[in-house]
Amino acid sequence: MDHTALVVIKKTNNLEFDDKTKAMREYAVQNGVPIIKDEGLAFLKNIIAVKNPKTILEVGTAIGYSALEMAKVRGAHVYTIERDPKMYEEATKNVNESAYKDNVTIIFKDALEAFDDVKNIKFDMIFIDAAKAQYTKFFELYTPLLNENGIVVCDNMLFHGLVSDNVDTTGMTRGLRGLVVKLGRFHDFLFSNDKFDSTLYDIGDGMSVSILK
Ligand code: SAH
Ligand code: MG
């Protein structure tokens, strides 16, 4: 299937950042932390505004930037999973300093081992934004916790333009090739999964939205 761009954001005013958030953005740039791109964030915030999820599960906290931005839209509770100690520490600090600290619960674990921490919660939305090679596993593990009409949003689906139907993987390092192949397999998994209606948008680094049927 050809993944044609469906939407391009031309303008938005839903990206207004307070000083603390600006500092987080700056920290991400300085330290090479791959936080969500502005275009992707604008889209994510629109989805949340429309969907009005009460509970969101995020896989991949990093410094807590997207978790706090998601909580801000309509006061959802965001449960977010992070395995890296340095990221967890930074995220904890950022969340604790935020007016939305009561809206964010950070789980310091590998997401493949955190199911028991959230298994009693029903989620209106899941945002997958962690190790790209594990997207299928995250999706299979956590989507049973979705509420009726629940949605799954995945970031970095096009991975810097490297994931497409006719990508040439020659010349890539072994690690990168493995990742690109696995993310490609996740595309196949997602778009052949008849429990969900999925759409891939050429926004930011590529975002998919899957709606539980
Ligand atoms: N959502 C964040 C960015 C996340 S970057 C934002 O937009 O602000 C991806 C993060 O996922 C990294 O911090 C990485 O440590 C974490 N990660 C990757 N694989 C993981 C796993 N299996 N379990 C938990 N965290 C993981
Ligand atoms: Mg991302």
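The rules behind each value
Residues numbered from 1 in each chain as written. Chains lettered and ligands numbered in written order. Predicted model: local features only at pLDDT ≥ 70, side-chain atom pairs only at ≥ 80, totals over all residues. Heavy atoms only, no water. Axes fitted to C-alpha atoms, helices over the stretch in contact; angles between N-to-C directions. Helix = DSSP H or I, 4+ residues; strand = E, 2+ residues; numbered from the N terminus. Contact = heavy atoms within 4.5 Å. Nonpolar A, V, L, I, M, F, W, Y, C, P; charged D, E, K, R; others polar. Donors = N, O, S within 2.8 Å, 3.2 Å for Na, K, Ca; no water. Buried < 20%, exposed > 50% of the residue type's maximum accessible area, 1.4 Å probe, protein only. Pairing = 2+ DSSP bridges. Right-handed = clockwise from strand over helix to strand, strands pointing away. Salt bridge = Lys/Arg side-chain N within 4 Å of Asp/Glu carboxyl O.

## Thoughts on the packing of helix H6 (residues 135-142) against helix H7 (residues 174-191)
Phase 1: Remark: H6 packs on H7, axes separated minimally by 8 Å, with the N-to-C direction vectors making an angle of 35°. Residues Tyr135, Thr136, Phe139 and Glu140 of H6 touch H7, and the partners they reach there are Leu183, Phe186, Phe189 and Leu190.
Phase 2: Residue composition of the contact of H6 with H7, grouped by class: 6 nonpolar, 1 polar and 1 charged.

## Digging into the coordination of the magnesium ion (ligand 2)
Phase 1: The protein atoms that coordinate the magnesium ion (ligand 2) are Asp129 (OD), Asp155 (OD) and Asn156 (OD1), at distances of 2.1 to 2.2 Å.
Phase 2: Spacing between the donor residues of the magnesium ion (ligand 2) along the chain follows D-x25-D-N. Separated by 27 residues along the polypeptide, Asp129 in the loop between strand S4 (123-128) and H6 and Asn156 in the loop between strand S5 (146-154) and H7 bring together distant segments of the chain. Of the two residues examined, Asp129 and Asn156, each falls in the buried class.

## Remarks on the pairing of strand S3 (residues 104-108)
Successive side chains on a regular strand alternate, one facing one side of the sheet and the next facing the other.
Phase 1: Here strand S2 (residues 77-82) runs beside S3; their pairing, made up of 5 bridges, is parallel. When the sheet's bridge partners are listed, Glu82 is paired in S3 with Phe108.
Phase 2: One crossover worth recording links S2 to the parallel S3 by way of helix H4 (residues 85-96), and it is right-handed.

## Some details on the pattern of salt bridges
Phase 1: By the definition in use, this model includes 9 salt bridges.
Phase 2: Close ionic contact of Glu69 with Lys72 constitutes a salt bridge, the shortest N to O distance being 2.8 Å. Of this pair, Glu69 and Lys72 both sit in helix H3 (residues 65-74), separated by 3 residues, roughly a single helical turn.
Phase 3: Its relative accessible area of 1% is what places Glu69 among the buried residues.
Phase 4: Among the ionic pairs, Arg83 bridges to Asp110, the shortest N-O distance being 3.3 Å.

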